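Structure assessment
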Amino acid sequence: MEEELIGIKNAALSFILEAKDLESLEETKLQFLGRSGKLTLAIKEITKVPVEKRKEIGILANEVKNTIEEALKRQEKILSQKKKSALFEKIDVTNPGIKPPLGHLHLVTQAIEEISEIFERIGFERVRYPEVDWDYYAFSALNFPQNHPARDEWETFFVKSYEDPKMGKIVLIPHTSSGQVREMERAKAGQKEISIKMLNIAKCYRRQSDVSHTPMFHQFEGLVIGKDISIVHLKGTLDYFVESYFGKDRKSRIRPYHFQFTEPSFEVDVTCGVCLGKGCKLCKAGWLELGGAGMVHPNVLKAGGIDSKKYTGFAFGWGVERVLMMKQGLEIDDLRILYSNDLRFLKQF
Ligand SMILES: [Zn+2]
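To start, this report covers the structure provided alongside it. (Residues numbered from 1 in each chain as written. Predicted model: local features only at pLDDT ≥ 70, side-chain atom pairs only at ≥ 80, totals over all residues. Heavy atoms only, no water.)

Re the packing of aromatic side chains
Inspection of every chain in the model, using the stated rule, returns 20 aromatic pairs. With a centroid separation of 5.2 Å and 75° between ring planes, the pair formed by Phe139 and Phe144 is classed as edge-to-face. Per residue, the accessibility class of Phe139 equals that of Phe144, and both read buried. Taking the ring centre of Phe158 as reference, the NZ or CZ of Lys169 above it sits at 5.0 Å. The ring centre of Tyr137 lies 4.1 Å from the NZ or CZ of Arg182, which sits over that ring. (Phe/Tyr/Trp six-rings, centres within 6.5 Å; stacked < 30°, edge-to-face > 60°. Buried < 20%, exposed > 50% of the residue type's maximum accessible area, 1.4 Å probe, protein only. Lys NZ or Arg CZ within 6 Å of the ring centre and 35° of its normal.)

A few points about the pattern of salt bridges
Throughout the structure, instances matching the rule amount to 16 salt bridges. Taking the shortest distance from any N to any O, the salt bridge between Asp135 and Arg151 comes out at 2.7 Å. Here Arg151 lies in the loop between helix H6 (135-138) and strand E3 (158-164) and Asp135 lies in helix H6, a separation of 16 residues in the sequence. The exposure class assigned to Asp135 is buried, which follows from its relative accessible area of 7%. (Salt bridge = Lys/Arg side-chain N within 4 Å of Asp/Glu carboxyl O. Helix = DSSP H or I, 4+ residues; strand = E, 2+ residues; numbered from the N terminus.)

Some details on the environment of Pro264
Here Pro264 is to be found in strand E8 (residues 262-271). Separated by 22 residues in sequence, Pro264 and Val242 place their C-alpha atoms 21 Å apart. Dropping the residues within four chain positions of it, Pro264 is found in contact with Ile231, Gly294 and Met295. (Contact = heavy atoms within 4.5 Å.)

A closer look at the sheet that holds strand E10 (residues 312-319)
Two pairing modes exist for strands in a sheet, parallel and antiparallel, and in both the strands are linked by backbone hydrogen bonds. Taken in spatial order, the seven strands make up an open sheet running E1-E5-E6-E10-E9-E8-E7, and their pairing is mixed. The sheet terminates laterally at strand E1 (125-127) and strand E7 (252-259), the two strands that pair on one side only. Taken pair by pair, the neighbouring strands of this sheet meet at an average axis angle of 25°, ignoring direction. Together, E1, strand E5 (196-205), strand E6 (216-226), strand E9 (287-296) and E10 form the strand contacts of helix H7 (residues 179-188), whose direction differs from that of E5 by roughly 145°. Where helix H8 (residues 231-246) meets the sheet, its contacts fall on E6, E7, E8, E9 and E10, and the angle it forms with E7 comes to roughly 125°. (Pairing = 2+ DSSP bridges. Axes fitted to C-alpha atoms, helices over the stretch in contact; angles between N-to-C directions.)

Quick look at the structure:
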């Protein structure tokens, strides 16, 4: 029995030393210490040893077991360290790393930043006013009569909870022009002379949803008020913007139109980016419609507490999505793709 146990110990120790990896070490462990391992079976046999020798054999068996377990632990430590350093050897530190995927600003946000920068260069100040505002600022103060169709439930989102006797209902602003009278009130506070150069960019809301309209869109609104401000200033600003944003080869023109809050009012057109004004399939007559503009109506100045005999001003308000599409020459079949968060589309910008 002693010889058998010594034989098991020697065999186990040589297997352990020869183990090249953790897997074969684990196999060796099972082979000797597992449920039907060699040592386990030998220990079971001790009951058959004559009583007077049993204690001695028991002690020896225990020693053999301890020796094998210790050898296993030692070898396991050595092998796992080897495994680790082998892993490091495989890493070539001169290899370029894996770049994490980097996104970019949404193309509407990019356009807003670019537009802001263009107007800030000529002294416009970027402001923000409420996107949920009183009917008064959205309509009444802008010279809209009570029965004007823009106030229709089918045109504008009304917030039903409250109606103020003086300010009217609460609306989701249908245009950035709602910031005009708020800006006049701000400029007037404590000032002797009025000088406004406002750029108001905001989300606007209208009851519309089809391929060329979304219920939420962005507008940017310019408002300039001062002494002797005329249509010449308006036209100069339009030309400056069109050249800065669309490119030097693009021109603007104004043609008469009607808006409640400007007098006279104009539609602003830009020469087509494809044919540069010669006329093509996309534009037909060489021009693309940019949006509205005009000289601030005296009633709007009055609502803002500004003397229309002393001061004049101009305003314009255009869609961010619209100018963006006109610049890119994008023929988007469905404008709603801008807000669908489809990376296949967004990654192209
Ligand atoms: Zn064209």
